[in-house]
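In case you want the letters, here they are:
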Amino acid sequence: MRARGMTYDTGFVVHGQTSRERLDPAVVRRELAIIRDDLHCNAVQIIGGDPDRLALAAGAAAALGLEVWFSPYPLELDPERILALFRDCAERAERLRRQGATVVFVAGVELSVMSRGFLPGGTPEERVERLMAGRPEQRAAAMRDLGTRINGFLRDAVTTVRERFLGPVTYASIQFEQVDWTPFDIVTYELIRSAEVADRFRDAVRTLAQDPKPLAVTGFGTATYRGAGDRGGRVLEVVEYDPETRLPVRLNDVYERDEAGQAAYLSELLEIFETEGVDSAFVFLFALPGFPYRPDGDPRDDLDRASMGIVRILEEGRGRTYPDLEWEPKAAFAAVARRYRR
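Rules used throughout
Residues numbered from 1 in each chain as written. Predicted model: local features only at pLDDT ≥ 70, side-chain atom pairs only at ≥ 80, totals over all residues. Heavy atoms only, no water. Axes fitted to C-alpha atoms, helices over the stretch in contact; angles between N-to-C directions. Helix = DSSP H or I, 4+ residues; strand = E, 2+ residues; numbered from the N terminus. Parallel < 35°, antiparallel > 145°, perpendicular 65-115°, else oblique. Left-handed = near helix turned anticlockwise from the far one by under 90°. Contact = heavy atoms within 4.5 Å. Nonpolar A, V, L, I, M, F, W, Y, C, P; charged D, E, K, R; others polar. Pairing = 2+ DSSP bridges. Core = buried A, V, L, I, M, F, W, Y, C linked by side-chain atoms within 4.5 Å. Buried < 20%, exposed > 50% of the residue type's maximum accessible area, 1.4 Å probe, protein only. Polar contact = N/O pair within 3.5 Å; in protein donor to acceptor, adjacent residues only side chain to side chain. Phe/Tyr/Trp six-rings, centres within 6.5 Å; stacked < 30°, edge-to-face > 60°. Lys NZ or Arg CZ within 6 Å of the ring centre and 35° of its normal. Right-handed = clockwise from strand over helix to strand, strands pointing away.

With that settled, consider the packing of helix 2 (residues 51-63) against helix 3 (residues 79-98). For the pair helix 2 and helix 3, the least separation of the axes is 10 Å and the interaxial angle reads 20°. When the axis of helix 2 is compared with that of helix 3, the two are roughly parallel. Judged by the twist between their axes, the crossing of helix 2 over helix 3 is right-handed. Packed against helix 2, whose contacting residues are Pro51, Asp52, Leu54, Ala55, Ala58, Gly59 and Ala62, the element helix 3 presents Leu85, Asp88, Cys89, Arg92 and Leu96 at the interface. Grouping the amino acids of the contact of helix 2 with helix 3 by side-chain chemistry returns 8 nonpolar, 1 polar and 3 charged.

Structure below.
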């Protein structure tokens, strides 16, 4: 692969609340240096909902010589507010590009599910459930209608971004959105292997890579409990959330910790991407704030088991591998490093 990438979270913003409480510039620089030097990445996807934070992390990544995928996450925003976010971020990404950085602008991620105005429902789960409801012919018609709405919005989004940003533009899509890739420079899919598609996953990647435009894969990863890889995109269904704040509280049952399973899953997918023609891949993700490692006590309180992060976040103290940081690498960290070092 040309771009061996990692996804770096600056904080998801939902209804004004940010998932990452603190963003220390020194810690950001240190973690991105580890991503470059110890994980052997040459690219990083900077995600989040705060343009200031995105610009801070993107600038730090560029200073380290990493290719930057500038990726605002418009969670629960309507189309008008999404375009406002893109305008702001495109200007920031262009300033970084003019300074000599290699920058790709990602004009949204799974907008039909993660944002308002494309599908009925108040949450991502409700939107997917309603889309998949009914008879097969009804679902097919609903997906065609969705594709029309999404592509209409994406044409406006690309125009908005290109008025301000002169580098490559892409969109991180779900396949059922049926995106028209004509206005984009890179074809990007969120590809998550589940047990239902495991037998044809490699062939599907090979088919997607036959497009004349470069193929990027984002959003792929799994959690740290046994069987998580089989669940695919449903991996977080084991988490109970506070009904008001939507912050994770605990797991809904006891799930066996399985760091080896997470590591094997990522290694297997990266091997497929490397050998089947993928241009760029971004592991999801480096760390997931709000899902701390709690090895003692009730295993349902160990939220890290449901985290797709390749490091486990410590509630107290600092790690052994990196004594200046508040996390410790999981087995998946070493697996990604071995794969990318090749």
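Spatially, the 8 strands close up into a barrel ordered 1-4-5-6-7-8-9-12, and their pairing is parallel. Neighbour-to-neighbour, the strand axes of the sheet open up by a mean angle of 25°, direction not taken into account. Two elements, strand 6 (residues 103-109) and strand 7 (residues 169-173), share 3 bridges in a ladder whose sense is parallel. Bridge assignment links Val109 to a residue of strand 7, and that residue is Ala172. Where helix 1 (residues 25-37) meets the sheet, its contacts fall on strand 1 (3-9) and strand 4 (43-48), and the angle it forms with strand 1 comes to roughly 155°.

Below, the discussion takes up the nonpolar core. Buried together is how nonpolar side chains tend to be arranged in soluble globular proteins. Counting 88 residues, the largest nonpolar core has Leu32, Leu39, Phe105, Phe273, Phe286 and Ile310 as the members making the most contacts within it. Those residues in contact with Phe286 that lie beyond four places of it in its chain are Met6, Thr7, Tyr8, Glu31, Ile35, Leu39, Gly309, Ile310, Val311, Trp327 and Phe333. Within the second largest apolar cluster, 29 residues are counted, among which are Trp69, Val104, Val238 and Phe291.

Mapped onto the fold, Arg127 is located in helix 5 (residues 124-132). For Arg127, the side chain forms a polar contact with the main-chain oxygen of Gly121, separated by 3.1 Å. Leaving out residues up to four positions away in the same chain, Arg127 has contacts with Glu76, Ser112, Val113, Met114, Ser115, Arg116, Leu119, Pro120, Gly121 and Gly122.

Before going further, it helps to examine the packing of aromatic side chains. The final tally for this structure, using the stated rule, is 15 aromatic pairs. Where Tyr8 meets Phe286, the ring centres are 6.2 Å apart and the plane angle is 40°; that geometry is what we call tilted. Remark: Phe286 occurs in the loop between strand 12 (280-283) and strand 13 (311-313) and Tyr8 occurs in strand 1; sequence separation between them is 278 residues. One exposure class covers both Tyr8 and Phe286, and it is buried. Aromatic side chains Trp181 and Phe184 sit 5.5 Å apart centroid to centroid with 65° between the ring planes, which places their arrangement in the edge-to-face category. Residue class for Phe184 comes out buried when judged on its relative accessible area of 2%. Every member of this aromatic cluster is reached through a ring pair, and the members are Tyr8, Phe286, Tyr322, Trp327 and Phe333. Positioned above the aromatic ring of Tyr293 is the side chain of Arg312, whose terminal nitrogen or guanidinium carbon lies 4.9 Å from the ring centre.

Now for the environment of Val235. Locating Val235 in the fold gives a position in the loop between helix 8 (228-231) and strand 10 (239-241). Since its relative accessible area comes to 4%, Val235 is described here as buried. Expressed as a C-alpha distance, the spacing of Val235 and Gly11, which sit 224 residues apart in the sequence, is 20 Å. Once you skip the residues sitting within four places of it in the chain, Val235 turns out to touch Thr222, Ala223, Tyr225, Ala228 and Met308.

A word on the pairing of strand 9 (residues 215-220). The element strand 9 is extensively covered by neighbouring structure, given that 6 of its 6 residues are classed as buried. When strand 8 (residues 187-190) meets strand 9, the two strands line up parallel, connected through 4 bridges. In the sheet register, Thr188 faces strand 9, and the bridge partner there is Ala216. In this view, the connection linking strand 8 to its parallel neighbour strand 9 by way of helix 7 (residues 201-208) has right-handed handedness. With 3 bridges connecting them, strand 9 and strand 12 associate as parallel partners. Counterpart to Ala216 in the pairing with strand 12 is Ser280.

Read these as spatial facts, not as claims about activity.
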